[in-house]
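Okay, here's what each chain looks like letter by letter:
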Amino acid sequence: MKRHLIFLFIGFFCFVSCENNNKERLVLQEKEEAKKEMVFKKISESWRFKTLLISNDAEILLKNWAQWRLFVNELNQKPTYSLSAFQKKSKTLTKKSQELLESVPAEFSAPEFKSRFLVLQTKFQSLELYLNLNTIPPQKVIDLIQEINLQLNSIELQINEWARKKQIPLEQGEVDMIRMLDTSRAVREKPKNLD
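In this text the structure is predicted, and so the values were computed from the model without any measurement.

K.L.:
Looking at this structure, how should I read the packing of aromatic side chains?
P.N.:
Aromatic ring pairs are defined here through the distance separating the ring centres and the angle between the ring planes. This structure, assessed with the given rule, holds 10 aromatic pairs. With a centroid separation of 5.6 Å and an interplanar angle of 25 degrees, the aromatic rings of Trp65 and Trp68 are classed as stacked. Here Trp65 and Trp68 have matching classes, each one buried. With centroids separated by 5.7 Å and ring planes inclined at 90 degrees, the aromatic side chains of Trp65 and Phe117 adopt a geometry described as edge-to-face. Linking Trp65 in the loop between helix H2 (56–62) and helix H3 (66–76) with Phe117 in helix H5 (residues 111–131), this pair joins segments that are 52 residues apart in sequence. Each member of the aromatic cluster is reached from another via a ring pair, and the members are Phe40, Trp47, Phe49, Trp65, Trp68, Phe71, Phe86, Phe117 and Phe124.

K.L.:
So what exactly am I meant to see when it comes to the packing of H3 against helix H4 (residues 83–102) here?
P.N.:
Closest axis-to-axis distance for the H3/H4 pair is 9 Å, and the angle between their directions is 160 degrees. Considered as vectors, H3 and H4 are oriented roughly antiparallel to each other. Both H3 and H4 take part in a crossing whose hand is left-handed. Contact residues: Gln67, Trp68, Leu70, Phe71, Glu74 and Leu75 in H3; Lys89, Thr92, Leu93, Lys96, Ser97, Glu99 and Leu100 in H4. Looking at the contact of H3 with H4 residue by residue, the class counts come to 6 nonpolar, 3 polar and 4 charged.

Rules used throughout
Residues numbered from 1 in each chain as written. Predicted model: local features only at pLDDT ≥ 70, side-chain atom pairs only at ≥ 80, totals over all residues. Heavy atoms only, no water. Phe/Tyr/Trp six-rings, centres within 6.5 Å; stacked < 30°, edge-to-face > 60°. Buried < 20%, exposed > 50% of the residue type's maximum accessible area, 1.4 Å probe, protein only. Helix = DSSP H or I, 4+ residues; strand = E, 2+ residues; numbered from the N terminus. Axes fitted to C-alpha atoms, helices over the stretch in contact; angles between N-to-C directions. Parallel < 35°, antiparallel > 145°, perpendicular 65-115°, else oblique. Left-handed = near helix turned anticlockwise from the far one by under 90°. Contact = heavy atoms within 4.5 Å. Nonpolar A, V, L, I, M, F, W, Y, C, P; charged D, E, K, R; others polar.

Here it is as structure tokens:
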């Protein structure tokens, strides 16, 4: 009889203990969901990328660059439903920025362009990293969005400046002078052996 009472007491203790654990788990789960919802709202409110204001002259030069159009199109689409949508979007933007960097047209292959596109790609990679952490730091994500907008502004200014410079006519003889300054054209002769 004592055995039955002991087993009954242990069973009751385990039942009460399990109930308490389930309640604690539910409370923790609710807190975690509330925290994720707060992070989602903060990120959603700040997820606005600057629309690039490209001049008409620059637009004509960019019309044949398909990766640029795809990148700008992707940039203008905002995820809406969940944190996982933001994670997918950040991965897509990282991929599009990589494609953008790899497909820079010859006109934009100057270091001042490539470096800006490289920095932009790095910012998108950082954004993707922060959004895929177990605990997402919302302020870091918000700061990165602002930094990306600054970089987009820098690219916009550089493209518009480049288009404006293309409109300036070259002076007579300037082409020859530029060609002579090109160090890649310099040919060095091998010294002759005096055997």
